[in-house]
Amino acid sequence: MEKKNLDWSNIGFSYVQTDKRYVSNFKNGAWDEGTLTDDANVVLNECAGVLQYAQTVFEGMKAYTTEKGQTVIFRPDLNAERMVQSAKRLEMPVFPEERFVDAVVQTVKANEAYVPPYGTGATLYIRPYMFGTNPVIGVKPADEYQFRVFGTPVGPYFKGGAKPITIKVSDFDRAAPHGTGHIKAGLNYAMSMHAIVTAHEEGFAENMYLDAATRTNVEETGGANFLFVTKDGKLVTPKSNSILPSITRRSLVYVAKEYLGMDVEERVVPFEEVKEFAECGLCGTAAVVSPVGKIVDHGKEICFPSGMDEMGPVTKKLYDTLTGIQMGRIEAPKGWIKVVE
Ligand code: PLP
Ligand code: COI
């Protein structure tokens with residue numbers, strides 16, 4: 001497979017149009033058989049449910065070229081499962097999980113020339129999504145939907161790659177206690193636009209959101225879950241019903257326990273405790289494992305001992321093991337890697 005002539009090592013996290021995308025439509029209570037298409041545009045009625053009431057959910061995962069040259073996808077079955085939960089919460093039809101994985105595989109296969117070569121640091125980000133397409137003016141779910149999958153080659157989500165970032169404690173809330181923070185709904189990200197623009201204007205890379213009810217516990221950022229490392233080497237990660245159940249975080253918890261022999265605590269993390277930790281990182285498909293060097297809370301700085309120059313040692317071990325599994329350098333747990341044949 002001849003790869004496209006892109007500057008793989010220097011691409012950032014932005015949209016690059018690839019050749020093919022998958023489309024399936026839901027009408028009269030059923031999904032059609034779905035197909036790959038060249039057409040990257042979506043034409044919708046002016047009153048489409050997604051345009052009026054933001055009835056849309058999405059997913060994100062990556063395809064990699066392994067050391068041996070295979071194209072693989074990391075745990076797409078878990079994205080399929082999470083999209084079912086997202087769709088149900090927004091009263092959308094479920095796209096069957098096996099069909100989801102098949103659509104992702106078809107899309108990656110059709111765009112294999114865009115899956116970055118091994119060793120470039122880039123990957124193919126895959127974006128499945130679904131939205132209400134028919135006109136809806138009273139507040140109610142649409143009757144017709146479109147499910148699509150496209151891929152786009154990406155580099156690091158944060159500028160500087162593995163360099164520690166500085167984040168701020170946000171004055172805005174991302175998710176309500178019984179709201180939609182635990183699903184991947186576009187509306188959660190619309191909510192975060194003002195907060196992220198504000199953070200960027202103030203020179204921060206991201207926001208730390210606290211729980212909306214008490215503003216005392218750590219939730220997550222706009223696009224990733226938190227990891228903390230205690231001074232005695234334990235991994236601590238926040239537990240909350242209003243954060244996204246990150247597939248990367250769930251994988252890292254397993255890696256920490258089973259590959260690195262670490263103690264792991266998934267629990268409520270009071271913000272007050274954060275200054276006691278030795279390392280902090282963000283984890284997600286886009287973020288992979290991104291080190292946080294400093295958190296600023298209304299002028300008060302929390303500077304982690306790992307500093308602003310490089311990843312802390314435990315964060316680095318987690319990063320190396322996870323990316324080793326994804327790139328085929330380390331044997332993966334059964335079922336984690338979907339080979340595109
Ligand atoms: N939290 C939020 C709000 C996200 O958007 C994402 C990205 O998908 C994550 C966490 C990380 O989840 P995952 O590891 O499944 O990509
Ligand atoms: C992902 O990591 O897949 C996400 O959806 C995060 C987003 C901020 C790009």
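Residues numbered from 1 in each chain as written. Chains lettered and ligands numbered in written order. Predicted model: local features only at pLDDT ≥ 70, side-chain atom pairs only at ≥ 80, totals over all residues. Heavy atoms only, no water.

As a further point, take the domain arrangement of the chain. Buried accessible area, meaning the area lost when the parts come together, often serves as the stated size of an interface. One can read the domain layout of the chain as domain 1 (8–154) and domain 2 (165–326). Just the C-alpha atoms count here: the centres of domain 1 and domain 2 sit 25 Å apart. The interface is formed by 22 residues belonging to domain 1 together with 22 residues belonging to domain 2. Between domain 1 and domain 2, the buried area comes to about 1700 Å², and carbon and sulfur atoms account for 64% of it. (Domains from an automatic or database assignment. Contact = heavy atoms within 4.5 Å. Buried area = accessible area lost by both parts, 1.4 Å probe.)

With that out of the way, let us pick up the pattern of salt bridges. Inspection of every chain in the model, using the stated rule, returns 14 salt bridges. The closest approach of N and O atoms between E202 and K168, which form a salt bridge, is 2.8 Å. Taken as a pair, E202 in the loop between helix 4 (186–201) and strand 10 (206–208) and K168 in strand 9 (residues 165–169) lie far apart in primary sequence, 34 residues in all. Between R267 and E265 there is a salt bridge, with its nearest N and O atoms 2.7 Å apart. Exposure remark for E265: the relative accessible area of 25% places this residue in the partly exposed category. Put simply, D232, K234, E265, R267 and E273 are held in one network by salt bridges that share partners. (Salt bridge = Lys/Arg side-chain N within 4 Å of Asp/Glu carboxyl O. Helix = DSSP H or I, 4+ residues; strand = E, 2+ residues; numbered from the N terminus. Buried < 20%, exposed > 50% of the residue type's maximum accessible area, 1.4 Å probe, protein only.)

The environment of ligand 1 is made up of 16 residues, and the closest members are Y189, E220, S246, T248 and T285. Between E220 and ligand 1, the recorded distance is 2.5 Å, taken from a side-chain N or O atom to a nitrogen atom. At a separation of 2.5 Å, an oxygen atom of ligand 1 approaches a polar side-chain atom of T248. Taken atom by atom, the bulk of ligand 1 overlaps the largest pocket. Of all the secondary-structure elements, those providing two or more residues to the shell around ligand 1 are helix 5 (247–259) and strand 14 (279–284). Broken down by class, the residue content of the shell around ligand 1 amounts to five nonpolar, seven polar and four charged. (Near = heavy atom within 4 Å. Polar contact = N/O pair within 3.5 Å; in protein donor to acceptor, adjacent residues only side chain to side chain. 1 Å grid on protein atoms, 1.4 Å probe; cavity = no way out; pocket = protein on both sides within 12 Å on 5 of 7 lines; lining within 4 Å. Sits in = over half its atoms within 2 Å of the grid points. Nonpolar A, V, L, I, M, F, W, Y, C, P; charged D, E, K, R; others polar.)

Taken together, the side chains of Y53, I137 and V139 present a nonpolar region at the surface, about 350 Å² in accessible area. If you trace the backbone, V139 turns up in the loop between strand 7 (123–132) and strand 8 (145–154). On the accessibility criterion, V139 (74% relative accessible area) is exposed. (Patch = residues over 30% accessible without salt bridge, like charges linked within 9 Å, V, L, I, M, F, W, Y side chains within 5 Å. Areas by Shrake-Rupley, 256 points an atom, 1.4 Å probe, with all protein chains shown as cover.)

Take the nonpolar core next. With 32 residues, the main nonpolar core has I73, F100, V104, V108, I126, M130 and F147 as its most contacted residues. Counting residues per element, this core draws most heavily on helix 3 (residues 97–110), at six residues. Setting aside residues no more than four positions away along its own chain, I126 makes contact with E59, G60, M61, K62, A63, I73, V104, V108, V149, F150 and G151. In terms of nonpolar packing, the next biggest core, distinct from the first, is built from 22 residues, F228, V269, V274 and I295 among them. (Core = buried A, V, L, I, M, F, W, Y, C linked by side-chain atoms within 4.5 Å.)

It is worth spelling out the site of ligand 2 at this point. Lining the immediate surroundings of ligand 2 are F58, G60, Y125, R127, Y157, K184, G223, T285 and A286. Residue Y125 places a side-chain N or O atom 2.6 Å away from an oxygen atom belonging to ligand 2. Between A286 and ligand 2, the recorded distance is 2.8 Å, taken from a backbone N or O atom to an oxygen atom. Burial of ligand 2 by the surrounding chains reaches 90%, relative to a free accessible area of 280 Å². Structurally, ligand 2 is housed in the largest pocket. Of the residues belonging to the shell around ligand 2, the class tally is four nonpolar, three polar and two charged. Composition of the shell around ligand 2 by domain shows at least three residues from each of domain 1 (8–154) and domain 2 (165–326).

Position of R82 among the secondary structure elements: in helix 2 (residues 76–89). A residue is classified by how much of its surface remains accessible, and R82, at 8% relative accessible area, is buried. A distance of 2.7 Å separates a polar atom in the side chain of R82 from a polar atom in the side chain of E59. Here R82 is in contact with E59, G60, K184, L244, P245, S246, I247 and R250, once residues within four sequence places are set aside.

Within the element layout of this structure, S170 appears in the loop between strand 9 and helix 4. Of the residues examined, S170 reaches a relative accessible area of 1% and is grouped as buried. Look past the residues within four positions of S170 in its chain and what remains in contact with it is A195, N207, M208, Y209 and R215.

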